[in-house]
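A look at the structure
Letter by letter, the chains look like this.
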Amino acid sequence: MNRVSIHFLPDDVKIEVPYGTLLLDAALEAGVFIRAACGGSGACGQCKVRVVKGSVEALMEEKVHAAARAAGYVLACQTRAISDVTIEIPLAKVGRKVIPRDEAERMRLTARPMESPIVPEPDPMTIRVFMHPPAPATHDNVSDDERLMRTLKVEHEIYPVAAGLDVLKQLPHEARKEDWEFTAYLEVETCHDTHNPWYRLTRVQAGHPSYPSMALAVDIGTTSLWGELVNVDTGEVKARASRYNPQISMGDDVISRIVYALKKDGLERLQTQVVKGINEIVEECLQKSKLPVDCITYMVAAGNTVMTHLFLGLYPKYLREWPYVPAAHNVAPVPASVLGLNLPPQTHVRVFPGVASYVGGDIVSGVLANGMWQDEEMTLFIDIGTNGEIVAGNKDLLMTASCSAGPAFEGGGLEFGMRAAPGAIEGILIDPETFEPMIRTIDSKPALGICGSGIINIISQMLKIGILNQNGKYASDAKTPRIREGRSGLEYVICWAKESGLNQDIVLTEVDLDNILRAKAAMFSGYTCLLDKIGLTVDALDRVIIAGAFGSFINLDHAVTIGLLPDIPREKFLFIGNSSLKGARLACIDRKLYQKSREIAHAMTNVELSEDPTYMDNFMAALFLPHTKVELFPSVQLGQ
Ligand code: FES
């Protein structure tokens, strides 16, 4: 992609960005402060800048008077750079001086995005076979199922085939509806001993459908559900959808969900709720793709062990009682109708295998997607979610552990926290003199709350400019109206009510800060203990792959500054996003990769951190920003 250079004056900061980047995004990435109170929605009109040189494309002009437009003024959040440009930020208007920055702050500090290195070969779990056998006659009066099997074997070389009662009940009707033109749906299995394929008939349908064969990939997160509708023959994603896991109203984290499941009808209610959420995702994907529900031939889901149990209706009690035993790790395909999913009744649902009570199919799916199971490089894989999971190793060794980080980095449990969805504040820059924030929201929608990446960025910056102490408390003497007494102690106003998409101020409270501190301490302690088990320190790592439902602005320096990520060279970090969903998508396209996930799960060794006394010691030491042992974070310079 073509890149263009943007030169910001009077800061004298230059940055290269992809052609067409919004000026506000470029400023955020470069660390240049522009007042942007509405998150980039074009509502506040405060982000005016002057184009001194070069070409730009303005998406919206109403907020800029004609005379100002003629003088070169544009809204930074609504203007794209389409050549090398020089931009002047009017100092008088925002009442700020030039902020000197060192070279390090001018660099792009976001983790490099990582696409899965695994290339799937289209090999669907369920194939569709278009059939037109001869109709029964006096000289050929074999049963309907025999006719079907015979045609599959003779004309398509598909055998052996097993058929259950459900599908045999459909067969006489569907076969005759269109004069023996029908479609057979066959799930492909591989014999353990001979490695030869065998088939399970899951559906028969009159006629030959004109729509493509699709699969549904689903990530069942404790906080959020994500789904993709994937063409099984091409691998193309036709639609995506996400929403909160409706189980949230029954508990924020996996432990409280288990507790709820043990109440009368609790498990049934939890199962109904998650299925309701997935059904909504199915509906949205079908609406977006304009495809009928019959196009869905199977579904692959990845979730942590507790979420998988609750989705399948498996009794979760013993997951939280020593010695922490799941009901099942490897579950045979389940018909959608048994689970209550609004999919064709015999559509089979597969879940990723788990490893332990708190290391589930989502992390196995993530390991499948990130490729560490086949690489030499010593890798630390961190999935920052409500249930923080960690894997360390390479193709020779895979060690894993989990820690209960809580939902803070997914926006849960915070007064204005939200997942990385439109309207979430994900990019933020605080002017070190005025303490005014410049905010950027996802999809430039009016601010509704703050997501994980925004939380990391804001805490780090508040710490650096001295309005937040290292124990996570606000400096009460900071000269800004944005720090004020709230209902639960001091709070910082990120966005005033009049500039937000809510009718109230968006704030970050000290209670929120406490939750975030605990979440980051749990993650830090988790990966430190795990590496210790295999005799490594963070310095021995070749790379760190970060997964999680963040926005796209994870600033590595900020994540290191708060003590969430290890202080190692920034080029070692990669960001893979929702790796659980990526793994589920790979399995939808290539059934061999689903089989591979079973081998990966088998190869992973779980370390039970709750049994490890050093975990709690590390956790307590990490309840400080960045850490009580500053020597672990040599690059973090505070108070400068
Ligand atoms: S109008 Fe651009 S940030 Fe508000």
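Everything quoted here is computed from the prediction, not taken from an experiment. (Residues numbered from 1 in each chain as written. Predicted model: local features only at pLDDT ≥ 70, side-chain atom pairs only at ≥ 80, totals over all residues. Heavy atoms only, no water.)

1. Section: the packing of helix α13 (residues 510-533) against helix α17 (residues 613-621)
Relative orientation of the contacting elements α13 and α17 amounts to 135 degrees, with a least axis distance of 8 Å. Here α13 lies oblique to α17, going by the angle between them. In the crossing of α13 with α17, the sense of the turn from one axis to the other is right-handed. Where α13 abuts α17, its residues Arg518, Ala521, Ala522, Ser525, Gly526, Thr528 and Cys529 lie against Thr614, Tyr615, Asn618 and Phe619. Considering only residue class, the contact of α13 with α17 consists of five nonpolar, five polar and one charged. (Axes fitted to C-alpha atoms, helices over the stretch in contact; angles between N-to-C directions. Helix = DSSP H or I, 4+ residues; strand = E, 2+ residues; numbered from the N terminus. Parallel < 35°, antiparallel > 145°, perpendicular 65-115°, else oblique. Left-handed = near helix turned anticlockwise from the far one by under 90°. Contact = heavy atoms within 4.5 Å. Nonpolar A, V, L, I, M, F, W, Y, C, P; charged D, E, K, R; others polar.)

2. Notes on helix α7 (residues 254-261)
Along α7, the positions that sit buried rather than exposed are Val254, Arg257, Ile258, Tyr260 and Ala261. Projection of α7 onto a plane perpendicular to its axis shows the buried side chains occupying an angular sector of 160 degrees, all on one side. In this structure, the buried side of α7 is in contact with α8 (266-289) and α9 (305-312). (Buried < 20%, exposed > 50% of the residue type's maximum accessible area, 1.4 Å probe, protein only. Arc of directions from axis to C-beta.)

3. Brief notes about the domain arrangement of the protein
Split into domains, the protein comes out as domain 1 (3-102), domain 2 (126-206), domain 3 (365-407 + 516-629) and domain 4 (408-513). Placing the centre of domain 2 and that of domain 4 at their C-alpha centroids yields a distance of 60 Å. (Domains from an automatic or database assignment.)

4. So, the sheet that holds strand β15 (residues 237-244)
Across the sheet, which stays open at both edges, the six strands sit in the order β15-β14-β13-β16-β18-β17 with mixed pairing between neighbours. The strands lining the two open edges of the sheet, one partner per strand, are β15 and β17 (334-335). Relative to β15, α8 is tilted by about 145 degrees, and along the sheet it contacts β13 (214-220), β14 (224-231), β15 and β16 (296-303). (Pairing = 2+ DSSP bridges.)

5. Section: the nonpolar core
If you look at the biggest cluster of nonpolar residues, it comprises 73 residues, and the most contacted ones within it are Ile458, Ile459 and Ile494. For this core, the leading source of residues is α13, giving 12 residues. A domain-level breakdown of this core finds at least three residues from each of domain 3 (365-407 + 516-629) and domain 4 (408-513). Each residue touching Ile458, except ones within four places of it in the same chain, is listed here: Ile428, Ile430, Ile450, Tyr492, Ile494 and Leu508. Counting 43 residues, the second-largest nonpolar core is a separate cluster that includes Tyr211, Leu216, Val334 and Leu343. (Core = buried A, V, L, I, M, F, W, Y, C linked by side-chain atoms within 4.5 Å.)

6. Notes on the side chain of His558
Structurally, His558 can be placed in helix α14 (residues 556-561). Those residues in contact with His558, other than ones at most four positions away along the chain, are Ile456, Asn457, Ser460 and Gln461.

7. Let's talk about the pattern of salt bridges
Within this structure, the stated rule accounts for 41 salt bridges. A salt bridge links Arg487 to Glu415; its shortest N-O distance comes to 2.5 Å. Separated by 72 residues along the polypeptide, Arg487 in the loop between β25 (483-486) and β26 (489-495) and Glu415 in the loop between β21 (397-404) and β22 (424-430) bring together distant segments of the chain. Exposure remark for Arg487: the relative accessible area of 78% places this residue in the exposed category. In this structure Glu415 comes out as partly exposed when scored by relative accessible area, which is 36%. Beyond isolated ion pairs, a larger network of salt bridges with shared partners links Glu121, Asp123, Asp590, Arg591 and Lys592. (Salt bridge = Lys/Arg side-chain N within 4 Å of Asp/Glu carboxyl O.)

8. Remarks on the environment of Val538
Inspection of the secondary structure assignment puts Val538 in the loop between α13 and β28 (543-547). Taking relative accessible area as the criterion, Val538 reaches 22% and is therefore assigned partly exposed. Residues contacting Val538, with those up to four places away along its chain left out, are Tyr527, Leu531, Pro566 and Ile568.

9. As for α13
The end-to-end C-alpha separation of α13 is 34 Å, in line with the 34 Å expected for 24 residues at 1.5 Å each. Most of α13 is tucked away, with 17 of its 24 residues classed as buried. Just downstream of α13, Gly535 is the residue with a positive phi angle, here 70 degrees. (Expected span 1.5 Å × (residues − 1).)

10. Here's the deal with the pairing of strand β19 (residues 379-383)
Across the five residues of β19, five count as buried, placing the element largely inside the fold. Here β19 shows a buried face lined by Thr379, Phe381 and Asp383 and a second buried face lined by Leu380 and Ile382. Counted between consecutive antiparallel strands, the loop separating β19 from strand β20 (residues 387-394) contains three residues. Note that β19 and β28 share five bridges and pair parallel. The partner of Asp383 across the bridge, within β28, is Ala547.

11. Focus on the packing of α7 against α8
Put simply, α7 and α8 touch, their axes get as near as 7 Å, and they point 125 degrees apart. What the angle tells us is that α7 and α8 run oblique. Residues Arg257, Tyr260 and Ala261 of α7 lie in contact with α8, whose contacting residues are Gly266, Leu267, Arg269 and Leu270. When grouped by side-chain class, the residues that make up the contact of α7 with α8 number four nonpolar, one polar and two charged.

12. Quick notes on the sheet that holds strand β5 (residues 73-75)
The strand order across the open sheet formed by five strands is β2-β1-β7-β3-β5, and the pairing between neighbours is mixed. Only two strands of the sheet have a single partner each, and these edge strands are β2 (13-18) and β5. Strand-to-strand twist across the sheet, computed as the mean angle between neighbouring axes with direction ignored, equals 35 degrees. Here strand β3 (residues 48-53) pairs with β5 via three bridges, running antiparallel. Counterpart to Lys48 in the pairing with β5 is Leu75.

13. Section: the side chain of His627
Locating His627 in the fold gives a position in the segment after α17. Looking at His627, its side chain comes within polar contact range of the main-chain nitrogen of Lys629, at 2.9 Å. When near neighbours in sequence (up to four residues on either side) are disregarded, His627 contacts Phe524, Asn618, Ala621, Ala622, Leu632 and Phe633. (Polar contact = N/O pair within 3.5 Å; in protein donor to acceptor, adjacent residues only side chain to side chain.)

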